[in-house]
Amino acid sequence: MQFQSLNIIDPILKAIEEEEYTTPTPIQEESIPLILKGNDLLGCAQTGTGKTAAFAIPILQLLSANKAYVKKRKIRSLIVTPTRELAIQIGDSFKAYGRHTDLRCTVIFGGVNQNKQTSSLQGGVDIVVATPGRLLDLINQRFISLRDVEIFVLDEADRMLDMGFIHDVKKMLELLPKRRQSLFFSATMPPAIVKLSSTILYKPSEVTVTPVSSTVDIIKQQIYFVDKENKKNLLIEILKDESIKTALIFARTKYGADKLAKMLSKKKIKAEAIHGDKSQNARQRALTNFKEQTTRILVATDIAARGIDVDDLEYVINYEIPNIAETYVHRIGRTGRAGAKGTAISFCDASEKAYLKDIEKLISKRIDVVNDHEFPLMNHVVEEPPKPQFKKKKPSYSRSNYSGNKKPRRQFGKPKSS
Ligand code: AMP
């Protein structure tokens, strides 16, 4: 199927051509006609399926149909998404697909000064893409009114709930006009999400595309068994391959991400880290550098990497195996987007073998093992956690260890990082 057969108007078709999209992805093929008809939509899809264009294209088309209204510059479509990175990416998509229409789109997110956002709102916009907190803040300050919203999109609803935005979403819903078209997207559909969707949607059409675990089929997956202390040597060895233009590396902790980026930079491999402790500007800068390939390696934690969408990202490297199998699937889903090529390399030490087993069970396949490398696993012994002691030891009081009735001193551990 071609985009032309979806009855898309010329200015948008032209932009799609410029993006070099030739055929619609399955979610686009199904959703675009339904949204153009004015239906509400319940979409079960994750990023990487072409979901953004599936709603952005018909929204742009529906809004540009009413030329008189375009001149008034009222906010007629609101897209709410959980993270700033996603908001920026969705905003970029609206700008790209809508570049030959008269519509204006702006992006609203927290963590930065609001002035640029408010002045763009004051100039008049038709489409707002926002994260919940800053959106409500600007509504309270009367920079935004939702009175004229015709099409509302709640994106990544499951993450929205995971991140604790449910109250913000409910507040927002009260401010939206009752008569509107609503589109609701979520990668998973647990009962809480289904319940939330039923409060938002009216007789929705349902579209489900490629469940999480089957998108991984197109990605080449490899596992390297390696000792923990040799992981950095193995990484440097792998990155000697110049055909790896860029790679997204996942680290378990913020500290680990920083350390890895520093280590690579010392070896003259251009790397930056992206995680929750970095300022919004630093994160965005790192992401832009990576997209433009001025930085070769981006080291990210899972939370910071949510929704990172880099066209043509061919390599994902799991420096550590995630302890939750679904996280592996989300991580490697950053590559092989919309049918493109992708390779996921994972480093596994002895203690991570159990996690690997869980992953293979989830994706129902064995991951190819690369044996031919310089740092094979030597230490196969998994350190056992200390055995719990069931027998209560009799206290033995001696002058040196008797502390009377004093409570043991509280130990303050290091704060956990993600
Ligand atoms: P999304 O699921 O919206 O995050 O999109 C994933 C990636 O697929 C983005 O980088 C889009 O630019 C790209 N994309 C979306 N639709 C198409 C298409 N029809 N053909 C090729 N690439 C696409």
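Within every chain, residues take consecutive numbers counted from 1 along the sequence as written. Only residues with pLDDT of at least 70 get local features here, since the model is predicted, and only at 80 or more are side-chain atom pairs given and counted; chain-wide, interface and lining totals rely on the full set of residues. Side-chain numbers here rest on the full set of heavy atoms in the structure, without hydrogens or water.

Draft legend 1. Spatial organisation of the site of the ligand. Neighbouring residues of the ligand: 16 residues in total, closest Y21, G48, G50, T52 and D311. In this structure, T23 approaches the ligand through a main-chain N or O atom, which is 2.9 Å from a nitrogen atom. Within the contact set of the ligand, a nitrogen atom lies 2.7 Å away from a side-chain nitrogen or oxygen of Q28. When the ligand sits alone it has 500 Å² of accessible area, and the protein chains cover 88% of it. Under the grouping applied here, Gly and all other residues not named as nonpolar or charged are polar, the nonpolar ones being Ala, Val, Leu, Ile, Met, Phe, Trp, Tyr, Cys and Pro and the charged ones Asp, Glu, Lys and Arg. Among the residues forming the shell around the ligand, the class breakdown is 4 nonpolar, 8 polar and 4 charged. Domain segmentation is taken from an automatic or database assignment of domains. Two domains each provide a minimum of three residues to the shell around the ligand, namely domain 1 (3-209) and domain 2 (219-369). Only heavy atoms are used to decide nearness, and a residue is near a molecule or strand if one of them lies within 4 Å of it. Any pair of N or O atoms that falls within 3.5 Å is considered a polar contact. Within protein, one atom must be able to donate a hydrogen and the other to accept it, and sequence-neighbouring residues count only if both atoms are side-chain atoms. A 1.4 Å probe and the Shrake-Rupley method give the accessible areas. Residues count as covered only by the protein chains that appear here.

Draft legend 2. Spotlight on the pairing of strand β5 (residues 151-154). Each residue is placed in one exposure class: buried if its accessible area under a 1.4 Å probe, protein chains only, is under 20% of its type's maximum, exposed if it is over 50%, and partly exposed if it falls in between. Where helices and strands are cited, they refer to DSSP runs of H or I of at least four residues and of E of at least two residues respectively, numbered from the N terminus. Side chains I151 and V153 project from β5 onto one buried face, and the interleaved F152 and L154 project onto a second face that is buried too. We treat two strands as partners when DSSP finds at least two bridges between them. In this structure, strand β2 (residues 77-80) lies alongside β5, joined through 4 bridges in parallel fashion. Paired with I79 across the strands is V153, a residue of β5. Inspection of the sheet shows β5 paired to strand β6 (residues 181-186) by 4 bridges, in the parallel sense. Its bridge partner lying in β6, V153 is registered against L183.

Draft legend 3. Region of the structure containing helix α13 (residues 254-266). Expected span of a helix, by definition, is 1.5 Å for each gap between consecutive residues, and there is one gap fewer than residues. The end-to-end C-alpha separation of α13 is 19 Å, in line with the 18 Å expected for 13 residues at 1.5 Å each. Those residues of α13 that are buried are in contact with α12 (231-239), β9 (247-250), β10 (271-274) and β11 (297-300). Note on contacts: a residue pair qualifies if any of its non-hydrogen atoms lie within 4.5 Å across the two residues.

Draft legend 4. Fine view of the nonpolar core. Buried residues of nine kinds, namely Ala, Val, Leu, Ile, Met, Phe, Trp, Tyr and Cys, make up a nonpolar core once their side-chain atoms join them within 4.5 Å. In terms of nonpolar packing, the biggest core is built from 39 residues, with I8, F55, I57, F94 and L183 touching the most fellow members. For this core, the secondary-structure elements that each account for two or more residues are α1 (10-18), α2 (26-36), α3 (51-65), α5 (84-97), β3 (105-108), β4 (127-130), β5 and β6. When residues in this core are grouped by element, the largest group, 8 residues, is from α3. Excluding anything up to four places from it in sequence, F55 contacts I35, I79, I90, F94, V153, D155, L183 and F185.

Draft legend 5. How the structure looks around the sheet that holds strand β1 (residues 41-44). Read from one edge to the other, the open sheet built from 7 strands follows the order β3-β4-β2-β5-β6-β1-β7, with strand pairing classed as parallel. Both outer strands of the open sheet, β3 and β7 (205-208), are each paired with one neighbouring strand and no more. Sheet twist, expressed as the mean angle between neighbouring strand axes with direction ignored, is 15 degrees. Lines fitted to C-alpha atoms define the axes here, with helix axes fitted over just the stretch in contact, and angles between the N-to-C directions of these axes take values from 0 to 180 degrees. Packing against the sheet, helix α6 (residues 115-122) makes contact with β3 and β4, and its axis sits at approximately 150 degrees to β3.

Draft legend 6. Structural context of helix α16 (residues 325-332). Extensive coverage of α16 is indicated by the burial of 6 of its 8 residues. Among the residues making up α16, those that are buried are A325, T327, Y328, V329, R331 and I332.

Draft legend 7. Looking closely at the side chain of D349. Counting through the fold element by element, D349 comes out in the loop between β13 (343-348) and α17 (353-363). Classification of D349 as buried rests on a relative accessible area of 5%. A distance of 2.7 Å separates the side chain of D349 from the side chain of S351, its partner in a polar contact. Among residues more than four places away in sequence, those in contact with D349 are V226, D227, K228, K231 and L377.

In short, shape yes, function no, at least from these values alone.
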